[in-house]
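Descriptive analysis of the structure
Given next are the chains, with one letter for each unit.
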Amino acid sequence: MSGNSAQQGPAARQAAMAELVLADGTATAAELAERFGVSLMTVHRDLDELERQGMVRKFRGGVTAQPSGVFESNVQYRLKTMRAQKAAIAKHALRSIEPGMAILLDDSTSTLEMARRLRLGEITPLTVVTNFLEAVNLLADQRGIHLMALGGDYDPLHSSFLGVSCVEAVQQLRVDVCFASTSAVHGGYAYHQEQHIVSVKRAMLDSAARNVLLVDHTKLGRVALHRVAPLSRFDLLLVDDGAAEEALRDLDEHKVPYEVCATKAPKEGDDRAGAT
C-alpha cells in the first residue's frame, strides 16, 4: 500500500488517511507516515488540511476523530460508535410516540436509530420532521410516514441542513415531540461544541410540546463549548445502562426526569432499568 500511497495525489491520500482515522479513532503521525509511505512533514500537511476541513483534530504526535469540548466528531465516525447503546435508547424512545403524532428528529446518530425503527412501519400514520439527510434517506419511501425535510445550508460533516434558513423553517412548525441529542451533559445543562448546531437545536426545542433528550452514557459528566439548554427544558432524558452511579446522582440532584435503557437483560434485583 505504501508505494501506491506515496505516488497518489494529496487529495486521494488525505481521503484514505481520513477513512483510516475514522475507522480506528486515533493514529500517530509516525504510523501514518509508515502506512502511506510519505514523510512526517507530508503527513502533518495532510493532517492540517483534514483538520481545516473539520474531519479530525490534531494532538501532539497524532490525530483523532474522537470529540473534545470544542470539536464534534465527523458523522461517519459517530455512526460507528456506541451503536448498541443508541439502539437501546431509540427502542425506549419509541414508547413516547403514538400514531397520528408529528415528531421532530435532530441530526444526531441517536435519533437516526429511531428512524431505523420507524422504518419498520409499526407506528403509523406519523409525521416526521428532520434536518438530517441520513434520516431523510431512510424514511423517504416509507408508507404511512409523512416526511418533512428541513432545508438550509448543507453541512457535509454533519450530513444535515443548518443555518438561518433551517432555524426559520423550524420556527414555522409545532410538533408533538422533539427527540434530540447533544454532545455533553453536566451540572444541569446540555452542551454542544458548535454554535450553528446549537441555534438549530434550540429552535427545535421551542417548536415542540414535549422534548426528549437522548444521550449515551459517555456524554454524562462532560462539557462542551456552548450551552444548548438547561436540562429543565427536557421532559425526559434517556440514557443507557452504562451510566455511572455518580452521573445518575448528578441528574437526581438537578431534578432531571430520566429513564435508564437496558442494553442487556437486567440482572435479578436490578431496578435501574426504567428508573426515574
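Residues numbered from 1 in each chain as written. Predicted model: local features only at pLDDT ≥ 70, side-chain atom pairs only at ≥ 80, totals over all residues. Heavy atoms only, no water.

Strands pair in a sheet through their backbones, by hydrogen bonds, and they do so in one of two ways: parallel or antiparallel. Taken in spatial order, the three strands make up an open sheet running β1-β3-β2, and their pairing is antiparallel. Edge positions in the sheet fall to β1 (26-28) and β2 (57-59), since each of these pairs with one other strand and no more. Pairwise comparison of adjacent strand axes, ignoring direction, gives a mean angle of 25° for this sheet. Packing against the sheet, helix α3 (residues 29-36) makes contact with β1 and β3 (62-64), and its axis sits at approximately 80° to β1. (Pairing = 2+ DSSP bridges. Helix = DSSP H or I, 4+ residues; strand = E, 2+ residues; numbered from the N terminus. Axes fitted to C-alpha atoms, helices over the stretch in contact; angles between N-to-C directions. Contact = heavy atoms within 4.5 Å.)

Another point: the nonpolar core. Leu213, Leu231, Leu237, Val239 and Leu251 are the most contacted members of the largest nonpolar core, which totals 36 residues. The element contributing the most residues to this core is helix α10 (residues 195-206), with six residues. In this structure, Leu251 is in contact with Val185, Leu231, Leu237, Val256 and Tyr258, ignoring residues within four places of it in sequence. (Core = buried A, V, L, I, M, F, W, Y, C linked by side-chain atoms within 4.5 Å. Buried < 20%, exposed > 50% of the residue type's maximum accessible area, 1.4 Å probe, protein only.)

Our focus in this paragraph is the pairing of strand β12 (residues 208-215). Counting buried positions over the eight residues of β12 gives six, a clear majority of the element. The sheet contact formed by strand β9 (residues 175-181) and β12 spans six bridges and is parallel. Each residue of the ladder has a partner; that of Ala180, found in β12, is Leu213. As paired strands, β12 and strand β14 (residues 236-240) are joined by four bridges and run parallel to one another. Each residue of the ladder has a partner; that of Leu214, found in β14, is Leu238.

The parallel open sheet is built from seven strands, whose spatial order is β6-β5-β4-β9-β12-β14-β15. On the outer flanks of this sheet lie β6 (145-149) and β15 (258-261), each paired with one strand and no other. Each neighbouring strand pair of the sheet contributes to a mean axis angle of 20°, computed without reference to strand direction. For strand β4 (residues 102-105) and β9, the ladder comprises three bridges, and the chain directions are parallel. By the bridge assignment, Leu105 is partnered in β9 with Phe179. Docked against the sheet, helix α6 (residues 83-93) engages β9, β12, β14 and β15, running at close to 145° with respect to β14.

Given a rise of 1.5 Å per residue, 15 residues ought to cover 21 Å, and the 21 Å separating the end C-alpha atoms of helix α2 (residues 10-24) matches this to within 8%. Taken as a whole, α2 has its buried residues at Arg13, Gln14, Met17, Ala18, Leu20, Val21 and Leu22. Just downstream of α2 lies Gly25, where phi reads positive at about 95°. (Expected span 1.5 Å × (residues − 1).)

Two packed helices can be described by the angle between their axes and the distance between those axes. Closest axis-to-axis distance for the helix α9 (residues 163-171)/α10 pair is 9 Å, and the angle between their directions is 5°. Relative to α10, the element α9 lies roughly parallel. Together, Gly163, Cys166, Val167 and Val170 of α9 and Ser199, Val200, Ala203 and Met204 of α10 make up the contact between the two elements. Broken down by class, the residue content of the contact of α9 with α10 amounts to six nonpolar, two polar and no charged. (Parallel < 35°, antiparallel > 145°, perpendicular 65-115°, else oblique. Nonpolar A, V, L, I, M, F, W, Y, C, P; charged D, E, K, R; others polar.)

The next point concerns empty space enclosed by the protein. Following the criterion strictly, the structure yields one cavity of 30 Å³ or more and no others. The volume enclosed by the largest cavity comes to roughly 40 Å³. Contributing to the lining of the largest cavity are Cys178, Ala180, Ser181, Thr182, Lys201, Met204, Leu205, Leu213, Val228 and Phe234. If you list the elements that add at least two residues to the lining of the largest cavity, you get β9 and α10. Within the lining of the largest cavity, the residues separate by chemical class into seven nonpolar, two polar and one charged. (1 Å grid on protein atoms, 1.4 Å probe; cavity = no way out; pocket = protein on both sides within 12 Å on 5 of 7 lines; lining within 4 Å. Points joined across faces, edges and corners; volume = space filled by probe spheres on them.)

What is shown is where atoms sit, not what they do.
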